[in-house]
Amino acid sequence: MKRPTFASLLLLALAAGSPAAAQLHVDVTAEGAEDMVIAVPVMPTPQAAETPAGSTAALGRQVADVVAGDLRGSGLFKPVGPAGVREIGFPEVTAPQYGFWGGSGAAALVQGFVQANADGQITVGCYLYDVALKTELARQGYVVNPRDWRRAAHKCADAVYSRLSGESPFFDSRIAYIAESGPKDRRVKRLAIMDSDGANHRFLTNGQSTVLNPRFSPDYKQIVYVSYLDNRPRIYVYDIGTGRQRVVTESANQTFAPRFSPDGRWILYSMAVGGNTDIYRVSVNGGRSERLTSGPGIDVGGSYSPDGSRIVFESDRSGSQQIYVMNADGSNPRRISFGGGGYATPEWSPRGDLIAFTRIAGNFRIGVMNPDGGGERLLTNSWQDEAPSWSPNGRVIQFFRTSQGRGGRSSVWQVDLTGVNERRIPTPLDGSDPAWGPILP
């Protein structure tokens, strides 16, 4: 299915240089900050009409629900509505009743509309206001196919988040992960994909072969993963648009942790040969693999820096699992982790400023450090949290959590850089090894 093209109806209008621009702001890295209250009433329609996705009136409520849910899930905002707050009429969308909303305790107001177009598309408008200063901060609109109304809602939430935080957006993105079912000794593992909030879930593989380690291509068009069929590992690339998949490389040796390079030309992966595990790279089109590490021990889990010049990986060459950084050609490896316990599954932030990892010291915890190893911080403290994957803006980390006990269940979670705002992402089955894709165009 061809992905929808989003046509911008209204240019994003920022109140640059106004008092409102200086006053309304949230800090995504501040711990203990009070959540900003934002009113999100139901979005009215200028004229009720039916669409393949439901009536425009119903869509107005659903869009507002998704916007409020996204903002609430970020941990930075406290949305009020759309349930339980008064509904507004269409003329009020561009003429807010500031006195009323100020009395409700809201600092900001998100209003919008849903309109059916003559060509079968719908228009979703989104406006952000500073309630105290009675100022419009931003406006954004999208013309979409009715079935893509959720994407318009995510884009609206992204516009609000970006305007109030100064950060890049991340709500209109998707997550690939491993959906797990069945008993522990006969686990069925399927590749699945969903929106960032868990909606629009679908399975991409049927479970006939075990699937592991999904990661998106930089342009979002493909997913690389490992599949074991008849105990023979293969690295596949799955085309999201066509549903076709192809083998990039296969071997009788254990193979895992494939990752795209930032330019999309290479796939990095780990392979065990003769008791030694090293990091390799292969062209995305297949062909001969090139070994990048050659020392004794286990070298696993490479992840490129955003500019493609360096690779972070884990290795036990020092006697325990630690994190190392090397040049992209495998030269000049150096250790950057020196805390107690072990370190695993490092992944470079898309911003380039941090490396996320799993810290193993009694329990498994998600942490971050600077690329030189300094500034280490642990963000979670549960029984078993592992396999971090960054949001497109580098401000939130997704991971999977396994509960204690023989029947331990795995689930997908996310945490922001404060370590305070944790959120479970709903999945129909157990979930592991999430991979957060780029922001959608």
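For clarity, every value in this text was computed on a predicted model and none was experimentally measured.

1. Side note on the overall build of the protein chain
Part 1 of the argument: For the protein chain, the helix and strand inventory stands at four helices and 32 strands.
Part 2 of the argument: The globule rule puts the C-alpha radius of gyration for 441 residues at 22 Å, and the 23 Å found for the protein chain is close to it.
Part 3 of the argument: The principal-axis extent of the C-alpha atoms belonging to the protein chain is close to 70 × 45 × 40 Å.
Part 4 of the argument: When each of the 441 residues of the protein chain is scored for burial, the buried share is 54%.
Part 5 of the argument: Taking as baseline every contact in the protein chain between residues at least 6 positions apart, the subset at least 24 positions apart corresponds to 47%.
Part 6 of the argument: Charge centroids of the protein chain, computed over 45 positive and 42 negative side chains, lie 4 Å from each other.

2. Comments concerning the state of the cysteines
Part 1 of the argument: Summed over the entire model, instances satisfying the criterion amount to one disulfide.
Part 2 of the argument: Paired through a disulfide, Cys126 and Cys156 show a sulfur-sulfur distance of 2.0 Å. As the torsion about the S-S bond is roughly 60°, the Cys126-Cys156 disulfide counts as right-handed. Pair noted here: Cys126 is in strand E7 (residues 122–130) and Cys156 is in helix H4 (residues 149–165), with a separation of 30 residues, a long-range link.
Part 3 of the argument: Classification of Cys126 by relative accessible area gives buried; the value is 3%.

3. Re the pairing of strand E31 (residues 422–425)
Part 1 of the argument: With four bridges joining them, strand E30 (residues 410–416) and E31 adopt antiparallel strand pairing. Across the sheet, residue Val412 finds its bridge partner in E31, namely Ile425.
Part 2 of the argument: Hairpin connection between E30 and E31: a loop of five residues separates the two successive antiparallel strands, and Gly419 in this loop has a positive phi of roughly 80°.

4. Here we look at H4
Part 1 of the argument: Over its 17 residues, H4 extends 24 Å from the first C-alpha to the last, a length consistent with the 24 Å expected when each residue adds 1.5 Å.
Part 2 of the argument: Most of H4 sits out of view: 16 of its 17 residues are buried.
Part 3 of the argument: Two residues or fewer past H4, Gly166 is found with a positive phi of approximately 75°.

5. Observations concerning the environment of Leu292
Part 1 of the argument: When you line up the elements, Leu292 lands in the loop between strand E19 (290–291) and strand E20 (299–304).
Part 2 of the argument: In this structure, Leu292 is in contact with Leu268, Ile279, Tyr280, Arg281, Ile311, Met326, Ala328, Asp329 and Gly330, ignoring residues within four places of it in sequence.

6. Some remarks on the side chain of Asn213
Part 1 of the argument: Checked against the element boundaries, Asn213 lands in strand E12 (residues 210–216).
Part 2 of the argument: Owing to a relative accessible area of 16%, Asn213 belongs among the buried residues under this scheme.
Part 3 of the argument: Within the structure, the side chain of Asn213 is placed 3.0 Å from the backbone nitrogen of Ala257, a separation counted as a polar contact.
Part 4 of the argument: Looking at Asn213, its side chain comes within polar contact range of the side chain of Asp433, at 3.0 Å.
Part 5 of the argument: Discounting chain neighbours no more than four positions away, the residues touching Asn213 are Ile178, Val224, Tyr225, Val226, Phe256, Ala257, Pro258, Arg259 and Asp433.

7. Focus on the confidence of the model for the protein chain
Part 1 of the argument: Taken over all residues, the pLDDT of the protein chain has a mean of 92, while the share at 70 or more is 95%.
Part 2 of the argument: Every residue in residues 1–22 is under pLDDT 50, and counting partners more than four places away or in other chains gives 54 contacts.

8. Section: the nonpolar core
Part 1 of the argument: By size, the foremost hydrophobic cluster in this structure holds 46 residues, and its most contacted members are Ile38, Val67, Phe77, Val110 and Leu164.
Part 2 of the argument: Elements represented by at least two residues in this core include exactly strand E2 (36–39), helix H2 (56–73), strand E6 (108–116), E7, strand E8 (135–144), H4, strand E9 (173–181) and strand E10 (188–195).
Part 3 of the argument: Counting residues per element, this core draws most heavily on H4, which supplies eight residues.
Part 4 of the argument: With 15 residues, the next largest nonpolar core counts Leu191, Leu204, Ile223 and Tyr238 among its residues.

9. Re the pattern of salt bridges
Part 1 of the argument: What the rule picks out here adds up to 27 salt bridges.
Part 2 of the argument: Residues Arg281 and Glu290 are paired through a salt bridge, measuring 2.9 Å at the closest nitrogen-oxygen approach.
Part 3 of the argument: Given a relative accessible area of 18%, Arg281 falls into the buried group.
Part 4 of the argument: In this structure Glu290 comes out as partly exposed when scored by relative accessible area, which is 34%.

10. Regarding the sheet that holds E12
Part 1 of the argument: Pairing within the open sheet is antiparallel, and its four strands lie in the order E12-E13-E14-E15. A strand with exactly one partner marks an edge of an open sheet, and here the two such strands are E12 and strand E15 (245–250). When the angles between neighbouring strand axes are averaged without regard to direction, this sheet yields 25°.
Part 2 of the argument: With five bridges connecting them, E12 and strand E13 (residues 222–229) associate as antiparallel partners. Within E13, the residue paired with Phe216 across the bridge is Ile223.

Rules used throughout
Residues numbered from 1 in each chain as written. Predicted model: local features only at pLDDT ≥ 70, side-chain atom pairs only at ≥ 80, totals over all residues. Heavy atoms only, no water. Helix = DSSP H or I, 4+ residues; strand = E, 2+ residues; numbered from the N terminus. Rg over C-alpha atoms; globule rule 2.2 N^0.38 Å. Buried < 20%, exposed > 50% of the residue type's maximum accessible area, 1.4 Å probe, protein only. Contact = heavy atoms within 4.5 Å. Lys, Arg positive; Asp, Glu negative; His and termini not counted. Charge placed at Lys NZ, Arg CZ, Asp CG, Glu CD. Disulfide = S-S within 2.5 Å. Pairing = 2+ DSSP bridges. Expected span 1.5 Å × (residues − 1). Polar contact = N/O pair within 3.5 Å; in protein donor to acceptor, adjacent residues only side chain to side chain. pLDDT = per-residue confidence, 0-100. Core = buried A, V, L, I, M, F, W, Y, C linked by side-chain atoms within 4.5 Å. Salt bridge = Lys/Arg side-chain N within 4 Å of Asp/Glu carboxyl O. Axes fitted to C-alpha atoms, helices over the stretch in contact; angles between N-to-C directions.

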